Number of protein chains: 2
Amino acid sequence: MTELVFVGLGLNDEKGITLKGLEETKSADAVFMETYTSRMPDFSLERLEGLCGRKIQMLTRSDLEEESGKAILQAAKVGKAVFLVPGDPFIATTHITLRIDAEKQGISTRIVHGISIMSAIVSLSGLHNYKFGKTVTVPFADNFSETPYNVIAQNKKLGLHTLCLLDLRQAENRYLSINDALEQLWGMEEKKKQNTITPCTPVVGIARAGSNSPVVRAGFVKDVVGFDFGEPPFSLIVPGELHFMEVDALCAFAGAPVEFRGLVR
Amino acid sequence: MTELVFVGLGLNDEKGITLKGLEETKSADAVFMETYTSRMPDFSLERLEGLCGRKIQMLTRSDLEEESGKAILQAAKVGKAVFLVPGDPFIATTHITLRIDAEKQGISTRIVHGISIMSAIVSLSGLHNYKFGKTVTVPFADNFSETPYNVIAQNKKLGLHTLCLLDLRQAENRYLSINDALEQLWGMEEKKKQNTITPCTPVVGIARAGSNSPVVRAGFVKDVVGFDFGEPPFSLIVPGELHFMEVDALCAFAGAPVEFRGLVR
């Protein structure tokens, strides 16, 4: 059987893969992997190779973008190729092109899903999934954009929460911190004055979602901006209108101050 | 060690659990599970018990809601209790209350994430994750609500896609079909006339996300409304503005007609 199976590795380490994903990897003729789209803090290639009993070929961004994943496509034409991707394979848009190319070349493709940072963050926060609006990425200051502020403002106007992914440059080992992201957004407030990110805006910072030591901290911007979240990866939620059940959860799991009770609509 | 660990089972069958989730379950003193919040079409309790080597106690909605999960909380006071939940444990809001109750009673809690239907659907569709707005559930006709139509209209106005979860009554083995959901929404159009769901609106229907036989079908309402998606579970996406890469993906994986090319903005 010739095919290309995209397998999600999930979060944090080699145990984030599903039993189904491991089974598919064990039966592959060739196994590839990339780690540049996301950080898996406790991942070990040797341990994963031990678990699946296969040699795994690590691919760089250039293998996939400049070379268009040629090695994977060639392997998938002569046997079963598995491509291991952090999180869920297509939540980042990076690999959709590879799947389209494969289908165009007559290679059949399948997806074995993995845990996505998106649902892990929502799940950890205790906030209600159906109350999130559009997601946005906050870039580093040297790549500044007004979009994050505008998306948060738009979601808030509709009463919705905003999940902010924070930019990373994996190759340089650089991760935008929750503190820097808040300062950037707070800085925009002076220009925009839409009451979107002020010292008294409630926010939820999340570090290391999916690991054994996640940190979830809810508070007002003026307090969270100085909080030490430890190691990356980081994300940030700016809540819209809060239901009392959501405030209950933030108080119970995320150290929200008692003043959060006053935010319930 | 006394604690309560919420473990996500992921989608479809017992192989949707992660290696980490299985490891936690093997080392538990008591294992509980519920299946009423979601459908796992190919799941076998016996096979999962075989994999983890533990007896699993199945809980009903009434055990969790009327009895407030008393059995779980008692087990978590004297040992390590694992509670297995389809998908990701807190994407449905049902179990947040149990976690709050546990923390209030001094029981420490942890989450081992599972694959959520939310990210699986986005991933399967090939649409871009950051272009989705608020999610909505379409209820059965006997529980009719204007909310789904309004949410789709609001998202579209912002150029955003809408993920529509379709209602289910697991106990009665009833699942709202994609066809019925489309008819319901299309019916609203006559009243609201906002050009939200017309015969020529592009939609994407998805059946059995996360299974070995997912069906993803993109087309115009007038065509998809008659398409046979087979067995549940079902979901529906109403796209907002489409990027040409998204249309490429819908044509390559979801049988979108060539007229979709004309929708690119």
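Relevant structure appears above.
Residues numbered from 1 in each chain as written. Chains lettered and ligands numbered in written order. Predicted model: local features only at pLDDT ≥ 70, side-chain atom pairs only at ≥ 80, totals over all residues. Heavy atoms only, no water.

**Here's the deal with the overall build of chain A**
Convention followed: Numbering of helices and strands runs from the N terminus, with a helix taken as a DSSP run of H or I at least four residues long and a strand as a DSSP run of E at least two residues long. With C-alpha atoms as the basis for the radius of gyration, the globule rule is written as 2.2 Å multiplied by the number of residues raised to the power 0.38. Residue burial is assigned from relative accessible area. The probe radius is 1.4 Å, only protein chains are included, and a residue is buried under 20% of its type maximum, exposed over 50%, and partly exposed in between. Here, residues are in contact when the closest pair of their heavy atoms is within 4.5 Å. Methods summary: accessible areas were calculated by the Shrake-Rupley approach with a probe of 1.4 Å, and residue burial reflects only the protein chains presented. We score Asp and Glu as negative and Lys and Arg as positive, and we do not count His or the chain ends. Lys charges are placed at NZ, Arg charges at CZ, Asp charges at CG and Glu charges at CD.
Of the regular secondary structure elements, chain A holds ten helices and twelve strands. Relative to the 2.2 N^0.38 estimate, which gives 18 Å for 265 residues, the radius of gyration of chain A is 20 Å and therefore close to what a compact globule would have. Based on the C-alpha atoms only, the size of chain A along its principal axes is roughly 60 × 35 × 30 Å. Among the 265 residues that make up chain A, the fraction classed as buried is 58%. Sequence-distant contacts, at least 24 apart, represent 75% of the contacts inside chain A between residues at least 6 apart. Here chain A has roughly 10,500 Å² of accessible surface; of this, 49% comes from carbon and sulfur atoms. Positive and negative charge centroids in chain A, built from 28 and 32 side chains respectively, lie 4 Å apart.

**Quick word on the interface of chain A and chain B**
Quick note on the threshold: The term salt bridge refers to a side-chain nitrogen of Lys or Arg lying within 4 Å of a carboxyl oxygen of Asp or Glu. Residues are grouped as follows: nonpolar covers Ala, Val, Leu, Ile, Met, Phe, Trp, Tyr, Cys and Pro; charged covers Asp, Glu, Lys and Arg; every other residue, Gly included, is treated as polar.
Between chain A and chain B, the residue contacts involve 49 residues of the former and 49 residues of the latter. Inspection of the chain A/chain B interface yields two salt bridges. Across the pair Glu23 of chain A and Lys15 of chain B runs a salt bridge whose closest N-O atoms are separated by 2.9 Å. Contributions of two or more residues to the side of chain A that touches chain B are made by helix H1 (19–26), helix H5 (96–104), helix H6 (117–125) and helix H10 (244–253) of chain A. Looking at the side of chain A that touches chain B residue by residue, the classes come out as 22 nonpolar, 17 polar and ten charged.

**What about the sheet that holds strand E7 (residues 162–166) of chain B?**
Two pairing modes exist for strands in a sheet, parallel and antiparallel, and in both the strands are linked by backbone hydrogen bonds. Residues and elements named next belong to chain B. Threshold: Strands are labelled as partners when DSSP assigns at least two bridges between them. Note on geometry: axes are lines fitted to C-alpha atoms, helical ones only across the stretch in contact, with angles between N-to-C directions running from 0 to 180 degrees.
Taken in spatial order, the five strands make up an open sheet running E6-E7-E12-E10-E11, and their pairing is mixed. Each edge of the open sheet is held by one strand with a lone partner, namely strand E6 (136–138) and strand E11 (215–220). Put simply, the sheet's adjacent strands are angled 25° from each other on average, direction ignored. Here E6 pairs with E7 via three bridges, running parallel. Among the inter-strand pairings, Val136 is bridged to a residue of E7, identified as Cys164. In the packing of helix H7 (residues 147–157) onto the sheet, the strands contacted are E6, E7 and strand E12 (234–238), and the crossing angle to E6 comes to about 140°.

**Digging into the nonpolar core**
Our working rule: To define a nonpolar core, start from buried Ala, Val, Leu, Ile, Met, Phe, Trp, Tyr and Cys residues and group those joined through side-chain atoms within 4.5 Å.
In this structure, Leu4, Phe83 and Leu250 of chain A together with Leu4, Phe83 and Leu250 of chain B are the most contacted members of the largest nonpolar core, which totals 93 residues. Not counting residues up to four positions away in its chain, the partners in contact with Leu250 of chain A are Ser125, Leu127, Val204, Ala218, Leu242, Gly255, Ala256 and Phe260 of chain A. With 34 residues, the next largest nonpolar core counts Val5, Leu9 and Val112 of chain A together with Ile56 of chain B among its residues.

**Digging into the packing of H10 of chain A against helix H5 (residues 96–104) of chain B**
The line we're drawing: Small angles under 35 degrees read as roughly parallel and large ones over 145 as roughly antiparallel, with 65 to 115 read as roughly perpendicular and the rest as oblique. Should the near helix be turned counterclockwise from the far one by less than a right angle, the crossing is left-handed, whereas a clockwise turn marks it as right-handed.
The interhelical angle for the contact between H10 of chain A and H5 of chain B, taken along N-to-C directions, is 40°, at an axis separation of 10 Å. With respect to H5 of chain B, the axis of H10 of chain A lies oblique. In this structure, H10 of chain A crosses over H5 of chain B, and the sense of that crossing is left-handed. Between H10 of chain A, through Met245, Asp248, Ala249, Ala252 and Phe253 of chain A, and H5 of chain B, the contact on the second element is made entirely by Ile96, Thr97, Arg99, Ile100, Glu103 and Lys104 of chain B. A per-class count over the contact of H10 of chain A with H5 of chain B returns six nonpolar, one polar and four charged.

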